[in-house]
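Structural overview
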There are 2 protein chains.
Amino acid sequence: MLQITQSDFETALRRCAREVEAELDAILTAIPQSGEIERPEKLLAAMRHGVLNGGKRLRPFLVLESSALFGAKRGAALRVAAALECIHCYSLVHDDLPAMDDDDLRRGQPTVHKAFDEATAILAGDSLLTLAFDIIADPATELPEDARLKLILALSRAAGIGGMAGGQALDLAAEQDAPDEAGIIRLQAMKTGALIRFGCEAGAIAGKASNADRERMAEFGSAIGLAFQLADDLLDLTSDAQTMGKATGKDQQAGKATLASLHGSDWARAQLRGLVKQAEDLLAPYGEAGNLLRAAARFVAERSS
Amino acid sequence: MLQITQSDFETALRRCAREVEAELDAILTAIPQSGEIERPEKLLAAMRHGVLNGGKRLRPFLVLESSALFGAKRGAALRVAAALECIHCYSLVHDDLPAMDDDDLRRGQPTVHKAFDEATAILAGDSLLTLAFDIIADPATELPEDARLKLILALSRAAGIGGMAGGQALDLAAEQDAPDEAGIIRLQAMKTGALIRFGCEAGAIAGKASNADRERMAEFGSAIGLAFQLADDLLDLTSDAQTMGKATGKDQQAGKATLASLHGSDWARAQLRGLVKQAEDLLAPYGEAGNLLRAAARFVAERSS
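For clarity, every value in this text was computed on a predicted model and none was experimentally measured.

A few points about the relation of the copies chain B and chain A
Taken as rigid bodies, chain B and chain A are interconverted by a rotation of 180° and an axial shift of 0.0 Å, the fit giving an RMSD of 0.0 Å. Given the turn and translation reported, the copies of this chain are related as if by a two-fold rotation axis. In this assembly, 100% of the residues forming the interface of chain B have copies in chain A that are likewise at the interface, indicating an isologous arrangement.

Spelled out as structure tokens, the structure:
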């Protein structure tokens, strides 16, 4: 089996980012300007600011690669990928609001409510969320009707109260009332895991794969979603340790408990290796065709930013 | 042709409100509580507060009656009506936020951010918006797949940047830079008209009516959407005039221009009569079956609250 190098993977990830950004740009540009409706230029500019933000586009990459695995057309997969990125970016725009995380900067740029204003940021998030479903429901997403409906259902569940938004609400509640370990795992599976899982499942749905394949891809998504969060926690712990001059995260500054802070960085690194192995094993039936997804699992676990 | 009295109409509207509230309650209750996900109880309570708020449920009524006109099943129509009400109520929750209209009360009750907190109100709005698409995409909405997809596409367009959210953004911009009359009409057609229009069109889509019928129902929706806004403006003008002891709204207190404030209340009343006539005429092909929708057009134009 051909091994994919980190550099091969990064080239593929950058190519995906370029394609998805071109797709998002085209979709936003196509929003009509004349006739019965008037294009709200400031809102559109805020949506662009929120979604064309130079992200790594990991979730779209998962959609494109899982779609390739099950033979869904790349054009349709790109639209599904763009829809998923709209949801991810809407959540960032709303999470950055003063009433939520109150962040002024994202990727070195002013957040949407800083570059525009709070009301516009709320509406830009709302409009990106709404646009995601528009994109998949549109016949321009050339997939069978049942596949488009299943994608919309799975995406709305991944984004809503039983998924990302619900996880965010549990995370807010965790500031008052610290959850136990099982609670942290559930919270994270919802807050960050659900969209990653959807990205991996999306290709199986778009390609009308068997239920067994869909379930396998969802499990793959769950594994790398958990790895994504653990790697994030580990980065926090390590950068805290560096910043604060402490050797470990055991006595880190007061804040939210994470699995990494509960069990320490050695445990977290061992967990990450286990999750990558589990993710790679899940892809065994697909042979070499799964190589880029295997590389994505390693990338997620080993990322340093 | 049997005439529907105001009282018959109000009975039908109340029945619809009860049925839609029961449907919304059932949908929210069915959000899972156990297993891999944890139900965020505070967020769910905030969604309930936002959507089970004692509204008149005019938009759901339009969905149910237009569905009856084209033979779509009532059970499916109720779910589409519930989805539309989720979108309407999400927009109220977000519009009430401090960064937007900053309202503390709605229908005599604390707004969601007052009863809970701002972050929860933002997430509750997001989750209601997301839930709307979940509801229609779910096979429990027993409509053909193409009809469900068309409903999702039409609803996302009515709610997004080219519809309600875009109209809200134009309305915010109008506070700085007053639009001309054509601009006011476009803004209102988007901000309040688009969801009402969708409600009327929804039955034609759900019942797989011809494109001509769908277009006719959309025009009916546009007419009563405009009437809805004019009646609202007229109420503002009249209550201002009463409060301020002035005979007309011509020199009303500084504020946003409306068609009624530009042209006066006599003009607005004449326009309303014309819009009701236009709406009634559009329903002519459907005979008595359109009586409750005709009554809805009169109700919208004559409402006093």
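That was the structure; now back to the text.
As for the environment of A223(A)
All names here are of chain A. Looking at where A223 falls in the secondary structure, it is placed in helix α10 (residues 211-244). By relative accessible area, A223 is classed as buried at 3%. Discounting residues that sit within four places of it in the chain, A223 has contacts with L275, Q278 and A279.

Some details on the interface of chain B and chain A
Frequently, the measure chosen for interface size is the accessible area that the parts lose on association. With 49 residues of chain B at the contact, the number on the chain A side is 49 residues. Surface buried jointly by chain B and chain A totals about 4,300 Å² across both partners, of which 73% is contributed by carbon and sulfur atoms. Of all residues in chain B, E38(B), L149(B) and I161(B) give up the largest surface area on contact with chain A, accounting jointly for 16% of the area buried on that side. Put simply, chain B and chain A have four salt bridges between them. In this structure, the salt-bridge partner of D138(B) is R157(A), at a minimum N-O distance of 2.8 Å.

Structural notes on the nonpolar core
By size, the foremost hydrophobic cluster in this structure holds 210 residues, and its most contacted members are I87(A), M217(A), F220(A), I87(B), M217(B) and F220(B). The contact partners of M217(A), leaving out residues within four places of it in the chain, are S66(A), L69(A), F70(A), C200(A), E201(A), A204(A), L283(A), Y286(A) and L293(A).

A look at the packing of aromatic side chains
Residue and element names in this part refer to chain A. Applying the stated rule across the entire model yields seven aromatic pairs over all chains. Judged by centre distance (5.4 Å) and plane angle (80°), the rings of F70 and Y286 are edge-to-face. Taken together, the positions of F70 in the loop between α3 (58-69) and α4 (74-95) and Y286 in the loop between α12 (265-282) and α13 (291-302) put the pair 216 residues apart, joining distant regions of the chain. You can call F70 buried: its relative accessible area is 14%.

About the cut-offs
- Residues numbered from 1 in each chain as written.
- Chains lettered and ligands numbered in written order.
- Predicted model: local features only at pLDDT ≥ 70, side-chain atom pairs only at ≥ 80, totals over all residues.
- Heavy atoms only, no water.
- Least-squares fit on C-alpha atoms with pLDDT ≥ 70 in both.
- Contact = heavy atoms within 4.5 Å.
- Helix = DSSP H or I, 4+ residues; strand = E, 2+ residues; numbered from the N terminus.
- Buried < 20%, exposed > 50% of the residue type's maximum accessible area, 1.4 Å probe, protein only.
- Buried area = accessible area lost by both parts, 1.4 Å probe.
- Salt bridge = Lys/Arg side-chain N within 4 Å of Asp/Glu carboxyl O.
- Core = buried A, V, L, I, M, F, W, Y, C linked by side-chain atoms within 4.5 Å.
- Phe/Tyr/Trp six-rings, centres within 6.5 Å; stacked < 30°, edge-to-face > 60°.

None of the figures reported here should be taken as evidence of function without further support.
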